[in-house]
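Working through the structure, step by step
If you want the building blocks of each chain, they are given just below.
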Amino acid sequence: MPGSHRCEEFVDMRAIVVQKFGGTPELADVPVPEPGPGEVQVALDSAGVNPFDLKMADGLLEGKMPTDFPMILGVDGAGTVSAVGSGVTKFAVGDKVVGKFLTAPAGHGSWAQFSVVPEDATLVPIPEGVTSTAAAALPIAGVTAQDLVDAAHIQPDQTVLIVGATGGVGSFLVQLANIAGAHVIATARGDAADQVARLGAAETIDYTQPRPADPNLVDPDPAAYRDSSVTDAVHFTHPDGIDVLFDLISPAADFARHATLVRRGGHAYSTTWAADEAALRARDITGGNFESKGRAPELTRLLSRVAAGDVVVPIQTTVPLEAAPTILGAGNARGKTVLAI
């Protein structure tokens, strides 16, 4: 294989795969992929973990994108270019790169020792000062957060509510909204309040704590105390409403309640496809169900912010590749999980 000597030592590689949609993720030995014309082979050091990975295993792409089996999971990945196919001009062997390893046909993901992608896919150099571990945490979560902030056109001193602020997307979104000059309200458990405050949240709502239904009651009885929704808590501190809602976790009924906080002319976004877009339009609210379209230029811009120290990559934990099946679907994220390959 011209330009590479590493892969010549390997016939097979370790990867996390499913044998069919809905199958159980497992560690397997599969052939090392060879780069064809216009393709780049990457020896992966690190791979990001996202909720999307489990959805892929469960069949999210069935009928939507051709898929090869055994399907190697994982989208986010970082490592070193180990070989290039004919015609490749953007990358050379030895380049440190990060990107999204999801192109048609699906099934050749980043949860493996090697992966191959077209050079015009979402694949960019890693700048000096950014580790492979940090870079691998960025492509889906970080770029989604950046795309959300860009879509909302946040202005200084606007009030932004982020529901699900401690997860991967939320941890980046708190920082980027703060950089844009927003007054950020974040939802988080009480023991995560310091974490989101360090990332830039001006207020934190502990959705697990009961609140008085009416603080003006002179002698409230126990019935006046109840588990308050996020909507109640935000309305209490911001009775005139908020400018932007980013809801990263809620089902439709909860999103609809949260959206009532948004002023006319504001923005409300759901990354779980929970928004009733017609209802939002009726209230002159833009946004709705959001899908990130960010690719190489957006990832490069985010990496520059990380390299400059403006954005912190919140790594919750790093685990070995073989542990990936045991962490899929784990809840209560406090940042990003990264696989060490």
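Residues numbered from 1 in each chain as written. Predicted model: local features only at pLDDT ≥ 70, side-chain atom pairs only at ≥ 80, totals over all residues. Heavy atoms only, no water.

**Looking at the overall build of the protein**
Rules: Helical segments are the DSSP runs of H or I of at least four residues, strand segments are the runs of E of at least two, and each set is numbered from the N terminus. As a reference, a globule follows 2.2 Å times the number of residues to the power 0.38, and the radius of gyration itself is taken over C-alpha atoms. Only protein chains enter the area calculation, which uses a 1.4 Å probe; residues under 20% of their type maximum are buried, those over 50% are exposed, and those in between are partly exposed. Residues count as neighbours in contact if any of their non-hydrogen atoms are within 4.5 Å of one another. Computed with the Shrake-Rupley method and a 1.4 Å probe, the accessible areas treat only the protein chains shown as cover for residues.
Looking only at helices and strands, one finds 10 helices and 19 strands in the protein. Computed over its C-alpha atoms, the radius of gyration of the protein comes to 22 Å, within 12% of the 20 Å expected for a compact globule of 341 residues. Counting only C-alpha atoms, the protein reaches 80 × 40 × 35 Å along its principal axes. The buried share among the 341 residues of the protein stands at 50%. Within the protein, residue pairs in contact and separated by at least 24 positions form 64% of the contacts whose partners lie at least 6 positions apart. When the accessible surface of the protein is split by element, carbon and sulfur atoms take 52% of a total near 15100 Å².

**Quick word on the sheet that holds strand S7 (residues 106–108)**
What links the strands of a sheet is backbone hydrogen bonding, and the strands pair in either a parallel or an antiparallel sense. Rules: In this analysis, strands are considered paired if DSSP registers two or more bridges between them. An axis is simply a line fitted to the C-alpha atoms; with a helix, the fit covers only the stretch in contact. Between two such axes, the angle follows the N-to-C directions and lies from 0 to 180 degrees.
Pairing within the open sheet is mixed, and its four strands lie in the order S2-S1-S4-S7. The outermost strands of the open sheet, each flanked by one partner alone, are strand S2 (26–31) and S7. When the angles between neighbouring strand axes are averaged without regard to direction, this sheet yields 55°. The sheet contact formed by strand S1 (residues 12–18) and S2 spans six bridges and is antiparallel. Along S2, the bridge assignment pairs Val17 with Glu26.

**Side note on the pattern of salt bridges**
This is how the line gets drawn: For this document, the term salt bridge refers to a Lys or Arg side-chain nitrogen within 4 Å of an Asp or Glu carboxyl oxygen.
Applying the stated rule across the entire model yields five salt bridges. The closest approach of N and O atoms between Glu322 and Arg14, which form a salt bridge, is 3.1 Å. With Glu322 in the loop between strand S18 (315–320) and helix H10 (324–327) and Arg14 in strand S1, this pair connects stretches of sequence that are 308 residues apart. Residue classification places Arg14 among the partly exposed positions, given a relative accessible area of 29%. The residue Glu291 makes a salt bridge to Lys293 at a minimum N-O spacing of 3.9 Å. Looking at Lys293, the relative accessible area reads 63%, which means it is exposed.

**Topic: the nonpolar core**
Note the cut-off: What we call a nonpolar core is a set of buried Ala, Val, Leu, Ile, Met, Phe, Trp, Tyr and Cys residues that are connected through their side-chain atoms within 4.5 Å.
Counting 45 residues, the largest nonpolar core has Ile162 and Phe246 as its most contacted members. Where this core is concerned, the elements lending two or more residues are helix H2 (132–136), helix H3 (141–152), strand S10 (159–163), helix H4 (168–179), strand S11 (183–187), helix H5 (193–199), strand S15 (242–247) and helix H9 (296–307). Here this core takes six residues from H3, the largest share from any one element. Those residues in contact with Ile162 that lie beyond four places of it in its chain are Leu173, Val174, Val184, Ile185, Ala186, Thr187, Phe246 and Leu248.

**Regarding the layout of surface pockets**
For the record, the criterion: Of the two site types, the cavity is a set of points on a 1 Å grid over the protein atoms alone where a 1.4 Å probe fits but cannot get out, and the pocket is an open set with protein on both sides within 12 Å along at least five of seven lines, each lined by residues with an atom within 4 Å of a point. Grid points are joined across faces, edges and corners, and a volume is the space filled by probe spheres set on the points. Each residue is assigned to one of three groups, with Ala, Val, Leu, Ile, Met, Phe, Trp, Tyr, Cys and Pro labelled nonpolar, Asp, Glu, Lys and Arg labelled charged, and all others, Gly among them, labelled polar.
For the second largest pocket, the calculated volume is near 330 Å³. For the second largest pocket, the lining is made up of 24 residues, of which Pro33, Asp68, Ile72, Gly107 and His108 are closest to its centre. When contributions to the lining of the second largest pocket are tallied by element, the ones reaching two or more residues are S2, strand S4 (67–72), S7 and strand S8 (114–118). By residue number, the principal contributor to the lining of the second largest pocket is S8, which donates five residues. The residue inventory of the lining of the second largest pocket, partitioned by class, reads 16 nonpolar, five polar and three charged.

**Focus: the confidence of the model for the protein**
Here is the rule: pLDDT measures the predictor's confidence residue by residue and takes values from 0 up to 100.
The predicted model of the protein averages 91 in pLDDT, with 90% of residues at 70 or higher. Scored below 50 in pLDDT, residues 217–227 shows 12 contacts in the model against residues more than four places distant or in partner chains.

**Quick word on the sheet that holds S11**
The sheet built from six strands is open, its strands ordered S12-S11-S10-S15-S16-S17 with parallel pairing. If you trace the sheet from one side to the other, it starts and ends with strand S12 (203–205) and strand S17 (286–289), each paired once. Sheet twist, expressed as the mean angle between neighbouring strand axes with direction ignored, is 20°. Of the strand pairs in this sheet, S10 and S15 are connected by four bridges, and their pairing is parallel. In the sheet register, Ile162 faces S15, and the bridge partner there is Phe246.

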